[in-house]
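Each chain, letter by letter, is given below.
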Amino acid sequence: MMSWAAQRKTTRVEDRAYSLMGLFGVNMPMLYGEGNKAFRRLQLEIIKETSDHSIFAWDTWMPRTGSVLAEDPNDFQGCGDFRKVEPDNFGDKLVEYIEQKNLGNHWYIQRNFRRISTNPIHLCRLAWLRWRARSLSQQLRTFTVSNAGIQVCLPVIPSHDSPSHFKAIFACTDDYSCLITTDLVSSGTSFDRIPNMRTTFTTYPEFKTLHLTHHQDVNEKRREFTLDDKHASYHGFTRCGTYPHEFRGNAVTLSSLTDSLVATVYANMNARSCFAVGLGYYRGQGWVHIVYDEHFPAQEADRTDFGGRAYYQMWKGRAKHVQTMPKRQRVHNNDHFTKHVHLPQSIWAARVVWGRWEMDDFKVMVDVEQCPGCCDGPCRWTTTDSDYGDVGMPGLMKTVQGSYSLRLDGWEARFDECSGQQVALGDYGDYSDGVLTRTGNIYEDMRTLGMDFEDTTYSPMVSRDSEQRMRYMRNQADVTVAHSAIGDRHLALRQPKGISLPANDSIVLLLKALSIRLAGKHLVITVIQCSEFYEVDEDGKRSDSGNVSALGSDSVEPSTQAEMLTPLCTIATPQVWRRHLACVQRRERFKSIREHFYALVNMRQLAGTKAYCKSTERKTDRAIKFFSDLFGLKYLRNYIGEITLFERLPLMIETDSLSEGSVGSAEGGACRTKHVHPGNSHRNPRE
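Residues numbered from 1 in each chain as written. Predicted model: local features only at pLDDT ≥ 70, side-chain atom pairs only at ≥ 80, totals over all residues. Heavy atoms only, no water.

> How would you summarise the overall build of the protein chain if you had to cite specific residues and measurements?
Counting its regular elements, the protein chain contains 18 helices and 35 strands. Put simply, of all contacts in the protein chain between residues at least 6 apart along the chain, 64% involve residues at least 24 apart. Carbon and sulfur atoms form 49% of the exposed surface of the protein chain, whose accessible area is close to 36300 Å². (Helix = DSSP H or I, 4+ residues; strand = E, 2+ residues; numbered from the N terminus. Contact = heavy atoms within 4.5 Å. Areas by Shrake-Rupley, 256 points an atom, 1.4 Å probe, with all protein chains shown as cover.)

Below, the structure is given as structure tokens:
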């Protein structure tokens, strides 16, 4: 009857539910204005009067989470052939379902197109489930509705990779006479319906008494992931697809009920490199992971296939990825976490920065940087400290802990004393013991890069103070105090203003363009300019070169200097300028490989010369032994004979530029072997 009602149209939405009360023999008050809630109330009344599980056997084209009740009669469209299974027959149908889905420990033989089980334990388990279904026939036909949910006894199959997910089996069949199932997720004391999970269930079903949610999305939690991937585009890596569905913009909302996952694929066609970043929300916790492809998918169809494989791989390992995610040690801190993953057969590494918890949402930055291959990969999460919430910053920054605080445009910011240095906005250099050793300025570098530094998008931002005055300074309307955090000597500023780098994409990409050359440097992102500054104590009294006078005294005359002074500045390290520390062991390993390789290459050039001495010969022997151990060649000699690759290597290197053809021909004659019989010292060459 529900499938028949799916085709009906009424003037009012509520009448689609009210017109079915007589057909189902239920009574309920008619409340016009409640909308689709009328159909939900109708289903609850039907559940109180019947034991038909097909009330839960609805489906919709759009994925829906939360309540096990349908929102609209249209959800039952195409369900006209669904049939109720009586409790006495449910055990036999359940055994048929187990055999069809190959659940449990089934051993069987094939005979006349029939599979006959040969595992006695499996046969006993099936017999026990059949008996269990008959013994619970009363519970299977009983529904209880409360604010905790709809209480019902059902056989469920637990997921092998997620203890909170189950597949519930209803006592009704579809048009193919197969039992109807739906996926559930545990949300505390109740179970919510979720879309079909992309996982395989293999265990036997077990009977459980469940409380099914009948309020839509009552236990669902949604979190927004903001994806910042503009840094990756600087090196030519562009977003070329998202899986399993497409999302536009830089934000995607994921649900806690569906264990949502979105995989975003990035590719550089010129560098022939590709990787995928997964954003997931599993059991109430967000996670991020990177997957790369060993072989570059050149065609669009191949990249689509890689996106699907990456999605499925991360979906299967989502429980492990959640466990490896870093945890905040304190509630209010600026910790961010970064992961650096070297992309194979390239000079690139993908890096994700995770953090910035605001209203329990997540923000992820995707970056690509040059990597010499000495990284400790695949890398674990490491902590990187970055600030947010102060004056707008161009990207993630970690500011140097300043000794003065000042409010600009309503935000409290920390500043460092310039200590007599000539500091300008955009200066960069090495910072140590409170002193910045200037090595350049980003605005000066723009000329070198051929960029238009007069473009208004690069113009500094001007901020005004928020009137922090002491009680003795009320008559000094143009004086603001920067409070010291390490003593009782504060700094009075006359007519101050803050000048900062603009927080826009143009400056962010400029910093990215300079990141390779300025790795590890510090940057001046804000300066405070004023016409005069001097120290004052807690009482607002001025202290200049030993002369102390009241700040409000008429004898204190304003400065007549024409140029503006810069007493304070904010120094920070941009996140894109930080580099992952190289693995010392791996770097030493690469160094050893290079030294032994050069020893082999120079072997033929030095042969027959005075430079070819015994020490050179020893180096060559050590190099041959090193590579033999590295590639396991000493074990191959016992099977294929003596290997002369290393003696022929210098001759191969001396040839002109090696093409693919020449490399192939060289490989054909490079490994000349001599046939060896174990225990036979007489060896004959084999071409």
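> Describe the nonpolar core, and please don't skip the residues or the numbers.
Residues Phe-90, Phe-207, Phe-275, Val-277 and Trp-354 are the most contacted members of the largest nonpolar core, which totals 68 residues. Tallying contributions element by element places strand β14 (residues 273-282) first for this core, with seven residues. Setting aside its immediate chain neighbours within four residues, Phe-207 contacts Phe-90, Leu-94, Leu-129, Arg-132, Ala-133, Leu-136, Leu-140, Cys-153, Leu-154 and Pro-155. In this structure, Leu-20, Ile-46, Ile-47 and Val-156 belong to the second largest nonpolar core, which totals 36 residues. (Core = buried A, V, L, I, M, F, W, Y, C linked by side-chain atoms within 4.5 Å. Buried < 20%, exposed > 50% of the residue type's maximum accessible area, 1.4 Å probe, protein only.)

> Describe in detail the confidence of the model for the protein chain, supporting the description with residues and values.
Of the residues in the protein chain, 78% have a pLDDT of 70 or more, and the chain-wide mean is 77. Under a pLDDT of 50 for its full length, residues 545-561 has, in the predicted model, 25 contacts with residues more than four places off or in other chains. (pLDDT = per-residue confidence, 0-100.)

> Could you give me a rundown of the packing of helix α5 (residues 87-101) against helix α6 (residues 120-135), with the residues and numbers involved?
Between α5 and α6, the least distance of the axes is 7 Å, while the angle of their chain directions is 150°. Classified by the angle between their axes, α5 and α6 sit roughly antiparallel to one another. Where α5 crosses over α6, the two elements pack in a sense that is right-handed. Across from Pro-87, Asp-88, Phe-90, Gly-91, Asp-92, Val-95, Ile-98 and Glu-99 in α5, the residues of α6 making contact are His-122, Leu-126, Leu-129, Arg-130, Ala-133 and Arg-134. When grouped by side-chain class, the residues that make up the contact of α5 with α6 number seven nonpolar, two polar and five charged. (Axes fitted to C-alpha atoms, helices over the stretch in contact; angles between N-to-C directions. Parallel < 35°, antiparallel > 145°, perpendicular 65-115°, else oblique. Left-handed = near helix turned anticlockwise from the far one by under 90°. Nonpolar A, V, L, I, M, F, W, Y, C, P; charged D, E, K, R; others polar.)

> Can you break down the packing of aromatic side chains residue by residue, with the values?
All chains considered together, the criterion is met by 16 aromatic pairs. Aromatic side chains Phe-237 and Trp-348 sit 6.2 Å apart centroid to centroid with 80° between the ring planes, which places their arrangement in the edge-to-face category. On the criterion of sequence distance, the pair formed by Phe-237 in the loop between α8 (230-234) and β11 (238-243) and Trp-348 in strand β17 (residues 348-358) is long-range, its members being 111 residues apart. Take Phe-237 and Trp-348: they sit in the same class, and that class is buried. Each residue in the set Phe-225, Tyr-281, Trp-354 and Phe-362 is aromatic and connected to the rest through ring pairs, giving one cluster. Over the ring of Trp-58 we find Arg-193; its NZ or CZ atom is 3.7 Å from the centre of that ring. Its guanidinium or amino end placed over the ring of Trp-315, Arg-318 lies 3.9 Å from that ring's centre, counting from NZ or CZ. (Phe/Tyr/Trp six-rings, centres within 6.5 Å; stacked < 30°, edge-to-face > 60°. Lys NZ or Arg CZ within 6 Å of the ring centre and 35° of its normal.)

> Explain the pairing of strand β29 (residues 522-530) to me, and be specific about the residues and the numbers.
With nine of its nine residues buried, β29 lies for the most part within the structure. Sheet analysis places strand β23 (residues 427-432) next to β29, joined by two bridges and oriented antiparallel. Counterpart to Gly-429 in the pairing with β29 is His-522. Two elements, β29 and strand β33 (residues 565-574), share six bridges in a ladder whose sense is antiparallel. Looking across to β33, one finds that Val-524 is bridged to Ile-571. (Pairing = 2+ DSSP bridges.)

> Lay out the pattern of salt bridges with the relevant residues and their values.
Any two side chains of opposite charge can pair, so long as their charged atoms come close to each other. All chains considered together, the criterion is met by 22 salt bridges. Here Arg-16 and Asp-72 are joined by a salt bridge, their closest N and O atoms 3.1 Å apart. Taken together, the residues span a long stretch of sequence, with Arg-16 in helix α2 (residues 15-18) and Asp-72 in the loop between α4 (37-49) and β1 (83-84) at a distance of 56 residues. Looking at Asp-72, the relative accessible area reads 18%, which means it is buried. Here Glu-206 and Lys-208 are joined by a salt bridge, their closest N and O atoms 3.8 Å apart. (Salt bridge = Lys/Arg side-chain N within 4 Å of Asp/Glu carboxyl O.)

> Talk me through α4; I want residue IDs and the actual numbers.
In this model, α4 (13 residues) spans 19 Å end to end at C-alpha, consistent with the 18 Å of a helix rising 1.5 Å per residue. Contacts from the buried residues of α4 go to α1 (2-5), α2, α3 (21-24), β4 (144-146) and β5 (149-158). (Expected span 1.5 Å × (residues − 1).)

> Break down α6 for me, with residues and values.
Compared with an ideal rise of 1.5 Å per residue, which puts 16 residues at 22 Å, α6 spans 22 Å between its outermost C-alpha atoms and is within 8% of the ideal. Every buried residue belonging to α6 is among His-122, Leu-126, Leu-129 and Ala-133, and all of these are buried. Along the long axis of α6, the arc covered by the buried residues comes to 60°, so they all point the same way. Every exposed residue of α6 that faces more than 90 degrees away from the buried side is listed here: Pro-120, Ile-121, Cys-124 and Trp-131. (Arc of directions from axis to C-beta.)

> Which residues make up the sheet that holds strand β15 (residues 285-292), and what are the values?
Whenever strands of a sheet pair, they do so through backbone hydrogen bonds, lying parallel or antiparallel. With antiparallel pairing, four strands are arranged side by side in an open sheet as β11-β13-β14-β15. The strands lining the two open edges of the sheet, one partner per strand, are β11 and β15. Across the sheet, the mean angle separating the axes of adjacent strands is 20° when strand polarity is ignored. The pairing of β14 with β15 spans eight bridges and is antiparallel. Across the sheet, the residue bridging to Gly-278 is His-289, located in β15. Relative to strand β13 (residues 261-268), helix α9 (residues 300-316) is tilted by about 140°, and along the sheet it contacts β11, β13, β14 and β15.

> Explain unusual backbone geometry to me, and be specific about the residues and the numbers.
Looking along the chain, the bond that leaves Tyr-243 and enters Pro-244 is cis, with omega of 10°. Along the chain, Pro-244 turns up in the loop between β11 and β12 (251-255). Its identity as a non-glycine residue notwithstanding, Asn-102 has a phi of 55°, on the positive side. Here Asn-102 lies in the loop between α5 and β2 (108-111). Asn-102 sits in the partly exposed class, given a relative accessible area of 31%. One non-glycine residue, Gln-495, adopts positive backbone phi at about 55°.

> Got a sec to walk through a nonpolar patch on the surface? Specific residues and values, please.
A contiguous nonpolar surface patch, about 330 Å² in accessible area, is contributed by Met-1, Trp-4 and Leu-23. Tracing the chain through its elements places Leu-23 in helix α3. (Patch = residues over 30% accessible without salt bridge, like charges linked within 9 Å, V, L, I, M, F, W, Y side chains within 5 Å.)

> How would you explain the environment of Arg-618 if you had to name every residue and give the values?
Mapped onto the secondary structure, Arg-618 falls in helix α15 (residues 614-631). Taking C-alpha positions, Arg-618 is 9.9 Å from Ala-599, a pair spaced 19 residues apart along the chain.

> I'd love a proper account of the pairing of strand β24 (residues 435-441), names of residues and values included.
When β23 meets β24, the two strands line up antiparallel, connected through six bridges. By the bridge assignment, Ser-432 is partnered in β24 with Val-435. Linkage of β23 to β24, two consecutive antiparallel strands, is achieved through a turn of two residues, within which Asp-433 is found at a positive phi near 55°.

> Requested: an account of the environment of Met-564, with residues and values cited.
Position of Met-564 relative to the elements: it lies in the loop between β32 (547-550) and β33. Looking at Met-564, the relative accessible area reads 36%, which means it is partly exposed. Considered as a pair, Met-564 and Pro-496 are 68 residues apart in the sequence and their alpha carbons are 9.3 Å apart.

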